[in-house]
Amino acid sequence: MTAPVVVATKACRGCGETKPLDDYARKGKSRAARCKDCLRKWAVQYRSENADRVRVNERTSRASNALHRQAWRLSNYQKNKEKIRARVRARYSELYPLEPERWLAANARRKQRLKVDMDKMDRALSLAYRRAIRVDACRYCSRRLVGDMHVDHFYPLAKGGTNHWWNLVQSCGPCNRHKHDRCGTWMLLRKRTS
Ligand SMILES: [Zn+2]
Ligand SMILES: [Zn+2]
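Procedures and definitions
Residues numbered from 1 in each chain as written. Chains lettered and ligands numbered in written order. Predicted model: local features only at pLDDT ≥ 70, side-chain atom pairs only at ≥ 80, totals over all residues. Heavy atoms only, no water. Helix = DSSP H or I, 4+ residues; strand = E, 2+ residues; numbered from the N terminus. Rg over C-alpha atoms; globule rule 2.2 N^0.38 Å. Buried < 20%, exposed > 50% of the residue type's maximum accessible area, 1.4 Å probe, protein only. Areas by Shrake-Rupley, 256 points an atom, 1.4 Å probe, with all protein chains shown as cover. Lys, Arg positive; Asp, Glu negative; His and termini not counted. Charge placed at Lys NZ, Arg CZ, Asp CG, Glu CD. Donors = N, O, S within 2.8 Å, 3.2 Å for Na, K, Ca; no water. Tetrahedral: all angles 85-135°; square planar, octahedral: opposite > 155°, others 65-115°.

*Asks:* I would appreciate a short explanation of the overall build of the protein chain in the present structure.
*Replies:* Helix and strand content of the protein chain: 8 helices and 6 strands. Tracing the protein chain from N to C terminus, the helices and strands come up as β-β-β-β-α-α-α-α-α-α-β-β-α-α. On C-alpha atoms alone, the protein chain measures out to a radius of gyration of 26 Å, which is more than a quarter above the 16 Å that the 2.2 N^0.38 rule sets for 194 residues. Taken over the C-alpha atoms alone, the protein chain extends approximately 95 × 40 × 35 Å along its principal axes. Split into buried and exposed, the 194 residues of the protein chain put 21% on the buried side. In the structure as shown, the protein chain presents an accessible area of about 15,100 Å², 54% of it carried by carbon and sulfur atoms. Of the charged side chains in the protein chain, 46 are positive and 18 negative; the average position of the first set lies 3 Å away from that of the second.

*Asks:* Explain the coordination of the zinc ion (ligand 2) here, please?
*Replies:* Expected angles at a metal are 109.5 degrees for tetrahedral coordination by four donors and either 90 or 180 degrees for octahedral coordination by six donors. Looking at the metal site, the zinc ion (ligand 2) is ligated by Cys 138 (SG), Cys 141 (SG), Cys 172 (SG) and Cys 175 (SG), spaced 2.2 to 2.3 Å from it. Considering all 4 donor atoms around the zinc ion (ligand 2), angles at the metal cover 102 to 117° and the coordination shape is tetrahedral. Sequence spacing among the residues donating to the zinc ion (ligand 2) works out to C-x2-C-x30-C-x2-C. As far as the burial class goes, Cys 172 and Cys 175 line up, both buried.

Shown next, in the form of structure tokens:
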């Protein structure tokens, strides 16, 4: 005679259904009163009803845990390096399947963003400057192409340029694409000699 297999269950205080214990989050030695599904639903509802408070709370806890988070991110990356890199590769090959150079440029930009430490004032200035030069003509050809104007990094991000306001110029689409990851001086000199 074999003993019957007993699956521990518990009634949820939220939906009232009886579910296996694994459907309840651990809470010290016991389990939560509501099942995970109910908690998820509750969290979604709470976030939508208290969006402002949630945003402030998240910002505060992010700031106070910055060092801890950074350490965790690093150790997590070291632990799951291969998995993370595979995921990034998959994502980028999905985004830019036929344009490896765009992949490389995006990757360089990302690295640059991580490296350059712009403070709050720098970012605000850059944003204001972007707005201010929006009406400008192309720095390289002096045209103003409606709907095809870009903010160009005079010294390209891919080569160590930054997002600081003094590195931003207005450029038309054709010039921007032609310039690619070259320095802005190359464009200006080229225009003068040709
Ligand atoms: Zn439930
Ligand atoms: Zn142009």
